[in-house]
Amino acid sequence: MAEKENAFRDKPINLDEKGSRKWVYAKKPKGKWYTRRTIFSWFVLAFFVAVPFIKINGNPFILMDIANRKFILFGVIFWAQDTFILALLMLSFVLFIILFTVTFGRIWCGWACPQTIFLEMVFRKIEYLIEGDYRKRLDLDNSPWTPGKIFKKTTKHSIFILISIAMTNTFLMWFIGSERWLEMVSEPVGENLSGFIIMLFVSAFFYWVYSYFREQICTMVCPYGRMQGVLLDSKSIVVTYDYQRGEPRGMKNEGDCINCKRCVSACPTGIDIRDGTQLECINCTACIDECNSVMKMVEQKPNLIRFDSMHNIKTGTKTVWNTRNRAYSVVLLILFSFFVYTLLTRPVIETTILRTPGLLYQENADNTISNVYNMKIVNKTHDEMELEMRLVSHKGEIKLAGNKIVVKDQDYFESTFILYIPKKELESDKTKVKFGIFKGDKLLETYTTSFVGP
Ligand code: SF4
Ligand code: SF4
């Protein structure tokens, strides 16, 4: 009996007995939760499109400039040298996701994940508009190819392709900035051929995901979805069916569930939430709305399906906090505080000085030895800085290409210089030398590297 009850766990819900794809024709959701989700999705979509154009102190709001190893988050620049601070931020973020999932289940998936937002709130809405609700779409797909069907399918897929291209371009702006994107699209294609091919590939991928692969990203591919089994427990708040109230189901039984299966027909991943919490449930709330409309019709209280925990349903209590999420909250608070402290106390500049690869020392006629160095100074402040580099450990002379070190705000300065040290000053064939980076008379940073000699 138990085996039969759990038979739905034997195979993915969207595969048939032979292992072929079973297309999910989900009923268009309608109700309080869908309206809330739609409004929320407008903000998420507006954020996604607006981010590359938002500036703070002249810097992009968010920019993931992988090519220059520069990341800007909320107007604050993180350079490659800030990897530790970024790692702390990433750790805090991962812990936040864990805490959020332990407490509120997969709410992220249904409400804020770009995959769901684009699939449910953009692509599927266009589909509803052109092909109609689930039954009409099913009939259309099973009907012969008439001019009407060809027109509908061509219109739908043309719009899908255009949106996929627009999405790819917007994503690109998150990585290269809106100005560079504008420059690139104004240039002839030949000048950015490899970039153009990648863009085509990514656009084709998005089109394939949203027109064909769809909910399988959530049910089969997404690693976050796979983690639910270890993150959720009976106290996590998820979209759940109140079996205490609903069972025994059926029109003639005393439970409130009339077994109409409308919750199943509205589910975009094709599952029956009455079987319990499942990996495929993205907490989209479509089944809550659908069941609430049924409850209204049969004059029963709403929320037979609702956001709640198995523990609360079993015991009739209402609680969100438990030992597990309290412990995660404390760890998150400590980690995030450490991140903020590290960010606020990070040095104003970051210097790297390395001997130019492949070059040895040179003996000069004036009894000095010279080495060539590459230097990079990152300015992490919002002010332009005029700096000076001095050798503080030995007597010697620095000959810098260009002489002056002027670093623009939130930018970096790169150059090459030659360091001359009198022979008698050198202790061995590899002497440790120390540079000081000064702003006026104020020492901002020191950097120690090696100087090779005979
Ligand atoms: S929509 Fe509500 S009443 Fe209908 S089957 Fe689902 S849970 Fe039962
Ligand atoms: S079970 Fe309900 S909340 Fe979960 S994916 Fe299906 S419709 Fe959405």
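Our structure is the block above this text.
Cut-offs used in this document
- Residues numbered from 1 in each chain as written.
- Chains lettered and ligands numbered in written order.
- Predicted model: local features only at pLDDT ≥ 70, side-chain atom pairs only at ≥ 80, totals over all residues.
- Heavy atoms only, no water.
- Pairing = 2+ DSSP bridges.
- Helix = DSSP H or I, 4+ residues; strand = E, 2+ residues; numbered from the N terminus.
- Axes fitted to C-alpha atoms, helices over the stretch in contact; angles between N-to-C directions.
- Salt bridge = Lys/Arg side-chain N within 4 Å of Asp/Glu carboxyl O.
- Buried < 20%, exposed > 50% of the residue type's maximum accessible area, 1.4 Å probe, protein only.
- Near = heavy atom within 4 Å.
- 1 Å grid on protein atoms, 1.4 Å probe; cavity = no way out; pocket = protein on both sides within 12 Å on 5 of 7 lines; lining within 4 Å.
- Sits in = over half its atoms within 2 Å of the grid points.
- Phe/Tyr/Trp six-rings, centres within 6.5 Å; stacked < 30°, edge-to-face > 60°.
- Lys NZ or Arg CZ within 6 Å of the ring centre and 35° of its normal.

A. Quick peek at the sheet that holds strand β5 (residues 76-79). Read from one edge to the other, the open sheet built from 3 strands follows the order β3-β4-β5, with strand pairing classed as antiparallel. The sheet is open, and its two borders are formed by β3 (62-65) and β5, each paired with just one other strand. Averaged over all neighbouring strand pairs, the angle between strand axes comes to 20°, with direction disregarded. Pairing between strand β4 (residues 70-73) and β5: 4 bridges, direction antiparallel. When the bridges of β5 are listed, F71 appears paired with F78.

B. Broad picture of the pattern of salt bridges. According to the stated counting rule, one finds 26 salt bridges in the structure shown. Between R274 and D272 there is a salt bridge; the shortest N-O distance is 2.9 Å. The residues R274 and D272 share a single accessibility class, namely buried. One salt-bridge network, held together by shared partners, links E127, E131, R137, D141, K153, K156 and R214.

C. Structural detail: the sheet that holds strand β16 (residues 442-452). Strands sit in the order β13-β11-β15-β16 across an open sheet of 4 strands; the sheet is antiparallel. Every interior strand has two partners, whereas the edge strands, β13 (405-407) and β16, have only one. The mean angle between the axes of side-by-side strands here comes to 30°, regardless of whether they run parallel or antiparallel.

D. Representation of the site of ligand 2 in the model. Lining the immediate environment of ligand 2, one finds 13 residues, of which C267, C281, C284, T285 and C287 sit closest. Applying the majority rule of atoms within 2 Å of the grid points places ligand 2 in the largest cavity.

E. View of the pairing of strand β15 (residues 430-439). Pairing geometry for strand β11 (residues 385-391) and β15, over 4 bridges, is antiparallel. Across the sheet, R390 pairs through a bridge with G436, a residue of β15. By the bridge criterion, 10 bridges tie β15 to β16 in an arrangement that is antiparallel. Residue pairing for β16: K434 is matched across the bridge by T448. Hairpin remark: β15 followed by β16, antiparallel, with 2 residues in the connecting loop; positive phi at G440, about 65°.

F. The packing of aromatic side chains, seen in detail. Within the structure shown, the criterion is met by 27 aromatic pairs. Geometry around Y212 places R21 over its ring, the cationic atom sitting 5.1 Å from the centre. Of note, R36 hangs over the ring of W33, and the distance from its end group to the ring centre comes to 4.6 Å.

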